[in-house]
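# Close look at the chain arrangement
Below, each chain spelled out in residue letters.
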Amino acid sequence: MAITILFLVFLVLLVVGVPVAFALAAASLATLLYLGEPSIVLVQQFSAGTGSASLIAIPLFIFAGEIMMRGGISERLIALASSLVGRMRGGLGQVSIVSSLFFGGVSGSALADVSAVGGTMIPQMVKRGYDRDFAVNVSITAALVALLVPPSHNLILYSAAAGGGLSIADLFAAGILPALLMTAVLMLTCYLVARHRGYGVEAFPGFRAVALRLVSALPGLGLVALIFVGIRAGIFTAVESAAIAVVYALLVTTLLYRQLRWKEFLGTVVHAARSAGAILLVIAAAAVFGWLLAYLQVPSASVEFLTSLTNDKNLMLLLMILVLLVLGTFLDLAPMILICTPIFLPLAKAIGIDPIHFGVILVLKGGLSLISPPLGSVLFVGTAIGKISIAESMRGIWPFWLAGLGVLLVVAFFPDLSLWLPALLKS
């Protein structure tokens, strides 16, 4: 009965439009009261949910990404991508995809990616004669690459949800090849859709322009190397790398690019604080929800139920992906990671799936939910920028969504794509 109350209250509140953090907290409080537990447990678990030291890296990386976005790096990355792939079919769509790969290494956030790159590229594509649904769909699906490349906030969150014992450096390395695969598949999809719709190409600016744009963008791209190499080499922890990233971003945008003025800096602080506050509130509320799941023995019951259906590892993995796809339709990525990790990670371990590999699967699957109704936050931002309805976007998104699903299945059933690079870097 307690499990029923927990999930029923949560789902009802989501349906009526209550924000997910408050729905999680209210469902947890209702369950605690039914169990006869004191309400102070809610406050204690709320506090414990944000007590992990590794979570400090999330607001710092958000701040660094905001600084780089408002300090001129996004324009330079887009210019570099345009010179590299603009002459391919569907040129501006290809530019949007590659720009998202570059910018994802700065922001680590799909929302920041679609806001920065999509905010620039979607209006440009519409102005150049691309259909609005194409401009929106290629931008929102490209933003999913940011979930996998360092410094992915969600991979850090997964490490915390898994108990903090997983190496963030290994998780960062595990996401790189899947991110490159996603980029390549989306570029192919963009080419095919653009060819079908008769979109043109961009003029090649010349090798000198490419070299100049590369030099201009290198300081921003250097942030990715600083974070990844520093953590991988054991020079500093994830939290230390996040703090260094903030200092580096400030130096690049104020002394080198000279575009981050005092007014923009204040706006950056406010926006980063709001974003970090919203994420940490969801993390805290989801931690209470996850504690109740463990208290009610939901993870062990789930393992027993799913293993009773089949002993086949691949079929079990497919079942988990299907369940996660359903859950992702009403859970945002951060709460889904925090709630589903304690449930599905024990099952993944039981059938021989490496926790690092499972983390990449979980985050990539959650990314598909970000571009799916009814709660896809990246979908909402992209359609708002493109000034079209969600229904209009949905009519043309299926080639890109299916491309993302295909990458998810390849990554899931070919674990070496995730595990080869971490193993190589350890050797």
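Residues numbered from 1 in each chain as written. Predicted model: local features only at pLDDT ≥ 70, side-chain atom pairs only at ≥ 80, totals over all residues. Heavy atoms only, no water.

In the nomenclature of an unreviewed UniProt entry, the protein is known as TRAP transporter large permease protein of Pseudoxanthomonas helianthi. Database annotation for the protein, UniProt heading Sequence similarities (unreviewed entry): "Belongs to the TRAP transporter large permease family." (UniProt positions renumbered as here; feature names shortened; annotations may be inferred.)

## Observations concerning the pattern of salt bridges
The final tally for this structure, using the stated rule, is two salt bridges. Between Arg-197 and Asp-131 there is a salt bridge, with the nearest N and O atoms lying 3.2 Å from each other. Here Arg-197 is found in helix α10 (residues 168-197), whereas its partner Asp-131 is found in the loop between α7 (110-127) and α8 (132-142), with 66 residues between them in sequence. Residue Asp-131 is classed as partly exposed on the basis of its relative accessible area of 36%. As a salt-bridge pair, Arg-197 and Asp-133 come within 3.0 Å of each other at their nearest N and O atoms. Taken together, the positions of Arg-197 in helix α10 and Asp-133 in helix α8 put the pair 64 residues apart, joining distant regions of the chain. Arg-197 gets classed as partly exposed once you look at its relative accessible area, which sits at 30%. (Salt bridge = Lys/Arg side-chain N within 4 Å of Asp/Glu carboxyl O. Helix = DSSP H or I, 4+ residues; strand = E, 2+ residues; numbered from the N terminus. Buried < 20%, exposed > 50% of the residue type's maximum accessible area, 1.4 Å probe, protein only.)

## Concerning the confidence of the model for the protein
Close inspection of predicted coordinates is inappropriate for parts of the model with low pLDDT. When the pLDDT values of the protein are averaged, the result is 81; 95% of them are 70 or greater. Averaged pLDDT values over the elements of the protein bottom out at 72 in helix α14 (residues 298-309) and peak at 90 in α10. (pLDDT = per-residue confidence, 0-100.)

## Structural notes on the packing of helix α9 (residues 153-161) against helix α16 (residues 333-350)
The geometry of α9 relative to α16 is characterised by a closest axis approach of 9 Å and an angle of 40 degrees between their N-to-C directions. The two elements α9 and α16 cross, and the hand of that crossing is right-handed. Between α9 and α16, the residues in contact are Asn-154, Leu-157, Tyr-158 and Ala-161 and Leu-333, Ala-334, Ile-337, Leu-338, Thr-341 and Leu-345, respectively. A per-class count over the contact of α9 with α16 returns eight nonpolar, two polar and no charged. (Axes fitted to C-alpha atoms, helices over the stretch in contact; angles between N-to-C directions. Left-handed = near helix turned anticlockwise from the far one by under 90°. Contact = heavy atoms within 4.5 Å. Nonpolar A, V, L, I, M, F, W, Y, C, P; charged D, E, K, R; others polar.)

## Considerations on the layout of surface pockets
For the largest pocket, the calculated volume is near 860 Å³. Together, 36 residues line the largest pocket, and Leu-111, Ser-275, Ile-279, Asp-332 and Ser-377 are the ones closest to its centre. Counting only elements with at least two residues in the lining of the largest pocket, the list comes to α2 (20-35), α4 (57-70), α7, α9, α13 (262-295), α16 and α18 (377-386). Looking at which element gives the most residues to the lining of the largest pocket, the answer is α4, with seven residues. Split into classes, the residues belonging to the lining of the largest pocket amount to 24 nonpolar, nine polar and three charged. (1 Å grid on protein atoms, 1.4 Å probe; cavity = no way out; pocket = protein on both sides within 12 Å on 5 of 7 lines; lining within 4 Å. Points joined across faces, edges and corners; volume = space filled by probe spheres on them.)

## A short note on the nonpolar core
Among the nonpolar cores identified, the biggest contains 148 residues, and Phe-10, Phe-134, Met-320 and Phe-358 are the most heavily contacted of them. At 13 residues, α10 tops the list of elements feeding residues into this core. The contact partners of Phe-358, leaving out residues within four places of it in the chain, are Tyr-158, Met-320, Phe-344, Leu-345, Ala-348 and Ile-353. (Core = buried A, V, L, I, M, F, W, Y, C linked by side-chain atoms within 4.5 Å.)

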